[in-house]
Amino acid sequence: MLYWWQNHRDWVSTDDAFVAGYLITVKSQTPGTVVEILAENTQHVEKGDLLVKLDGSHAMIALQQAKAELAETVRHVVSLQANAETLKQRIAVKHAALNRVRHDLKRLAHAAEQGAASLQQVENARDKITELDASIRESRAERKSVLAQLHHSTVNDHPSVEKAKSRLRRAFLDFQRRRIIAPVSGYVGRRKVHVGDNLQAGAPLLTIVPLDRVWVEAHFLETQIADIRIGQPAEIRVDAYQDPRLYRGRVEGLSPATGSTFALLPADNSTGNFIHIAERLTVRIALDADQLRNTPLQPGLSTLTRVKVNDIDSEHQSVGVKLDHEAYRTDIYDHELAGAEALIAQIVAANAS
């Protein structure tokens, strides 16, 4: 009794506690056939390392088609611009002809009064004016239709060209993503992919487990959690190590509900056959980073965990779960389209001149 009073009265403990960590599933982002695997279970990979290669034949065909469609669209827009200019000049020519016929009509009308020209010539001139006037209106309507398709846009920002650019970017992205790379650093596990597999987008390939940031998920009885607070220190013993090795930790969060609440089929206590069972609440405990570097732990290991409930460090009291690990974000996809923009500019310049 004295031993318990001196060593355990300020602690709550549980053996229903396990090491948890980030299990990052790497999936195929584009369809293809696996031609090479460059990572194996238990192997450490760095962020950006190549993991799997897919066959690029279909992606290459789609990229070539997108390039051809962009070139064709650019030429079509250039043709519209040229057509609009041609119609403008054609209208100017018809205006000149109309003015000439009007002048001729004045001379013919004056000559007809003096008997030097026939009435037939005068009527022909008037008919010619009517014909040219109608032809000018027709050309104006045609030019208006062409200008409506252009709508003050240039070759580079025309909507049709923009759609063709988007198709090329998508095809370029699919071609780039034949090379599946690691989004984070960690150890490879649960490799499912094999050479020759015909993959669809979204197919899981393998899992990467970063071991530099793991934590303990300890499930305490509801009768134990009243005094547990964020910031309290914790001690963890791992079943895998049959020695007095002790890991230090600190409470960084409490689950907002018990495990039974999150169950696929939650208990319905209104049926009349209620049996009281003490529920458990998950407490997340961060482990000391220096200890993990020296003696790493793997997710899933069983532990004996206890929390000192009468000790709250004011420095850590308001500090909860930190989102500063690379498992929460990656930048490996930020520059995938850099080559696409240069390719687009090249195709537009080559076909716009």
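Residues numbered from 1 in each chain as written. Predicted model: local features only at pLDDT ≥ 70, side-chain atom pairs only at ≥ 80, totals over all residues. Heavy atoms only, no water.

Caption draft 1: Structural context of a nonpolar patch on the surface. Where nonpolar side chains cluster on the molecular surface, the patch consists of V321, L323 and Y328 and spans about 250 Å² of accessible area. Checked against the element boundaries, L323 lands in the loop between β14 (302-308) and α6 (338-352). (Patch = residues over 30% accessible without salt bridge, like charges linked within 9 Å, V, L, I, M, F, W, Y side chains within 5 Å. Areas by Shrake-Rupley, 256 points an atom, 1.4 Å probe, with all protein chains shown as cover. Salt bridge = Lys/Arg side-chain N within 4 Å of Asp/Glu carboxyl O. Helix = DSSP H or I, 4+ residues; strand = E, 2+ residues; numbered from the N terminus.)

Caption draft 2: Summary view of the side chain of T207. Within the element layout of this structure, T207 appears in strand β9 (residues 204-209). Excluding anything up to four places from it in sequence, T207 contacts L23, I24, T25, Y187, V188, G189 and R190. (Contact = heavy atoms within 4.5 Å.)

Caption draft 3: Fine view of the sheet that holds β14. If you walk around this closed barrel you meet the six strands as β1-β10-β13-β12-β11-β14, and the pairing is antiparallel. Averaged over all pairs of adjacent strands, the angle between strand axes in this sheet comes to 40 degrees, irrespective of strand direction. Pairing of strand β12 (residues 247-254) with strand β13 (residues 280-287) involves five bridges; the strand directions are antiparallel. In the sheet register, V251 faces β13, and the bridge partner there is I285. (Pairing = 2+ DSSP bridges. Axes fitted to C-alpha atoms, helices over the stretch in contact; angles between N-to-C directions.)

Caption draft 4: Geometry of the packing of helix α4 (residues 159-176) against α6. One can describe the packing of α4 onto α6 by two numbers: an axis separation of 10 Å at closest approach and a directional angle of 140 degrees. Here α6 runs oblique to α4, going by the angle between their axes. Considering only the axes of α4 and α6, their crossing is right-handed. Along the contact surface, α4 presents K165, L168, R169 and F172, while α6 presents G339, A340, E341, L343, I344, I347 and V348. (Parallel < 35°, antiparallel > 145°, perpendicular 65-115°, else oblique. Left-handed = near helix turned anticlockwise from the far one by under 90°.)

Caption draft 5: Broad picture of the packing of helix α2 (residues 57-113) against α6. Where α2 contacts α6, the axes come no closer than 9 Å and their chain directions differ by 40 degrees. By the angle between their directions, the pair α2 and α6 is classed as oblique. As for the relative orientation of α2 and α6, their crossing is right-handed in sense. For the pair formed by α2 and α6, the contact residues are K67, L70, A71, V74, R75 and V78 on the first element and L343, I344, I347, V348, N351 and A352 on the second.

Caption draft 6: Quick peek at the packing of aromatic side chains. Throughout the structure, instances matching the rule amount to two aromatic pairs. Considering the side-chain rings of Y22 and W215, the 4.9 Å spacing of their centres and the 65 degrees angle between planes classify their relative orientation as edge-to-face. Of the two residues, Y22 is situated in the loop between β1 (11-21) and β2 (24-27) and W215 in strand β10 (residues 214-221); the sequence distance between them amounts to 193 residues. Ring geometry for Y22 versus Y328: centroids 5.5 Å apart, planes at 80 degrees, classification edge-to-face. Of the two residues, Y22 sits in the loop between β1 and β2 while Y328 sits in the loop between β14 and α6, which places them 306 residues apart along the sequence. On the basis of relative accessible area, Y22 is assigned to the buried category, the value being 9%. (Phe/Tyr/Trp six-rings, centres within 6.5 Å; stacked < 30°, edge-to-face > 60°. Buried < 20%, exposed > 50% of the residue type's maximum accessible area, 1.4 Å probe, protein only.)

Caption draft 7: Quick peek at the nonpolar core. In this structure, L70, V74, V146, L150, L168 and I347 are the most contacted members of the largest nonpolar core, which totals 24 residues. In terms of residue count, the dominant contributor to this core is α2 (10 residues). Sequence-distant contacts of L168, defined by excluding residues within four places in its chain, comprise L63, A66, K67, L70, A340, L343, I344 and I347. By size, the runner-up hydrophobic cluster in this structure holds 21 residues, among which are I24, L199, A203 and I208. (Core = buried A, V, L, I, M, F, W, Y, C linked by side-chain atoms within 4.5 Å.)

Caption draft 8: Looking closely at the environment of K47. Looking at the element boundaries, K47 is found in the loop between β4 (44-45) and β5 (50-54). Here K47 falls in the partly exposed class, since its relative accessible area comes to 33%. For the pair K47 and P183, spaced 136 residues apart in the sequence, the C-alpha separation amounts to 5.4 Å. Only 3.3 Å separates the side chain of K47 from the side chain of D331, close enough to count as a polar contact. (Polar contact = N/O pair within 3.5 Å; in protein donor to acceptor, adjacent residues only side chain to side chain.)

The analysis is restricted to geometry; functional conclusions fall outside its scope.
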